[in-house]
Amino acid sequence: TTLFRSGQLIIGNGVTFSSNKNTRINFVISGDVSIQSTAADLSNCTLRLTGQNQNLSAVKTSLRSLLVDGQPNATVALTGEWDILQKLQLNNGIIIPNPNSSKLLYSGTDQPNGNDSSYVNGIFYSQGNDFLNFPIGNDDGYFPAVLNNVTSRSAVGLQVIKGDVQFITSSEITEVMN
């Protein structure tokens, strides 16, 4: 295991980054993260976020693990497409995906966890069979959801809606994935 500790992580456009399948790379970052290259293979990498207000941006990237372990009342602003392949651990910090330009997908086998201090405030996608856990909430708090007996590997996105929820019409559904 190689450990990188840094204030920020930037992988520029066109940069090729990869490790062999037996090497695990851990990044411990207290600042912003920008993955601008589609040639960066981070599927063996763990990204541990330890800052206060961090920005994560990517074109499209897959990480082995994402650990949100920030300062008290930390936020993580997310843009781009992020696929977490094995572990999503939310200890301290609210992930806020940009509703117009981001997608956070969990496709691992270890179910993601959250708590009152750490959850996703926006659409969170999960992909798997049988049991899907959604560590989601909104400005009012943490309101996790679970789907049982899922028989398809299709991705399902859920979000906590603030306000008076009545009947949702098809015009209010923002995205359907097959």
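Going by the structure above, here's the rest.
All figures in this text were calculated on a predicted structure; none of them were measured in a lab. (Residues numbered from 1 in each chain as written. Predicted model: local features only at pLDDT ≥ 70, side-chain atom pairs only at ≥ 80, totals over all residues. Heavy atoms only, no water.)

Undergrad: Sorry, what's going on with the overall build of the chain here?
TA: Across its full length, the chain carries zero helices and 14 strands. The order of α-helices and β-strands along the chain, N terminus first, is β-β-β-β-β-β-β-β-β-β-β-β-β-β. Expressed as a percentage of its 178 residues, the buried residues of the chain come to 43%. Taking as baseline every contact in the chain between residues at least 6 positions apart, the subset at least 24 positions apart corresponds to 29%. (Helix = DSSP H or I, 4+ residues; strand = E, 2+ residues; numbered from the N terminus. Buried < 20%, exposed > 50% of the residue type's maximum accessible area, 1.4 Å probe, protein only. Contact = heavy atoms within 4.5 Å.)

Undergrad: Even after reading the chapter, I still don't get the nonpolar core, so can you show me in this structure?
TA: What tends to happen in soluble globular proteins is that the nonpolar side chains get buried as a cluster. Residues Val33, Ile35, Leu47, Leu66, Trp82 and Ile95 are the most contacted members of the largest nonpolar core, which totals 33 residues. Of all the secondary structure elements, the ones that give two or more residues to this core are strand 2 (9-11), strand 3 (25-29), strand 4 (33-35), strand 5 (45-49), strand 6 (53-69), strand 7 (75-92), strand 8 (94-106) and strand 10 (130-134). (Core = buried A, V, L, I, M, F, W, Y, C linked by side-chain atoms within 4.5 Å.)

Undergrad: Would you explain the pairing of strand 7 in this entry?
TA: Each regular strand shows side chains that alternate between the opposite faces of the sheet. Bridge count for strand 6 against strand 7 is 14 bridges, and the pairing is parallel. Looking at strand 7, one finds that asparagine 55 is bridged to alanine 77. (Pairing = 2+ DSSP bridges.)

Undergrad: Even after reading the chapter, I still don't get the environment of leucine 132, so can you show me in this structure?
TA: Examined against the element boundaries, leucine 132 turns out to sit in strand 10. Through-space distance from the C-alpha of leucine 132 to that of proline 112 is 8.7 Å; in sequence the pair is 20 residues apart.

Undergrad: Honestly, the side chain of serine 102 in this entry has me stumped. Any pointers?
TA: Along the polypeptide, serine 102 turns up in strand 8. Setting aside anything within four residues of it in sequence, one finds serine 102 in contact with Leu78, Thr79, Gly80 and Pro97.

Undergrad: Could you clarify how one ought to interpret unusual backbone geometry in this entry?
TA: Trans is the prevailing form of peptide bonds, just as negative phi is the prevailing case for residues other than glycine. Here asparagine 73, not a glycine, exhibits a phi torsion of approximately 60°, which is positive. The backbone phi angle of asparagine 149 is positive, close to 60°, even though this residue is not glycine. For asparagine 149, the position within the fold is in strand 13 (residues 145-150). What makes asparagine 149 exposed here is its relative accessible area of 63%.

Undergrad: Is there a simple way to think about the side chain of asparagine 92 in this case?
TA: The topology assignment puts asparagine 92 in strand 7. Aside from chain neighbours lying at most four places away, what touches asparagine 92 is Val68, Asp69, Gly70, Gln71, Pro72, Asn73, Ala74, Ser117 and Ser118.

Undergrad: Which parts of the structure should I look at to understand the environment of proline 144?
TA: Residue position: proline 144 is located in the loop between strand 12 (141-142) and strand 13. We classify proline 144 as partly exposed; its relative accessible area is 45%. Excluding anything up to four places from it in sequence, proline 144 contacts Phe134 and Ile136.

Undergrad: Would you take a moment to explain the packing of aromatic side chains for this structure?
TA: Given two aromatic rings, one states the distance between the centres and the angle between the planes to describe the pair. Tallied over the full model, the rule gives two aromatic pairs. Consider the rings of tyrosine 119 and tyrosine 142, whose centres lie 5.8 Å apart with planes at 25°: the pair is stacked. On the criterion of sequence distance, the pair formed by tyrosine 119 in the loop between strand 8 and strand 9 (124-127) and tyrosine 142 in strand 12 is long-range, its members being 23 residues apart. Here tyrosine 119 matches tyrosine 142 in class, with each residue buried. (Phe/Tyr/Trp six-rings, centres within 6.5 Å; stacked < 30°, edge-to-face > 60°.)

Undergrad: Just checking my understanding: could you explain the environment of valine 68 for this structure?
TA: Here valine 68 is to be found in strand 6. Residue class for valine 68 comes out buried when judged on its relative accessible area of 1%. Along the chain, valine 68 and tyrosine 119 lie 51 residues apart, while their C-alpha atoms are 9.3 Å from each other. The contact partners of valine 68, leaving out residues within four places of it in the chain, are Leu49, Val76, Gln89, Leu90, Asn91, Asn92, Gly93, Ile95 and Ser118.

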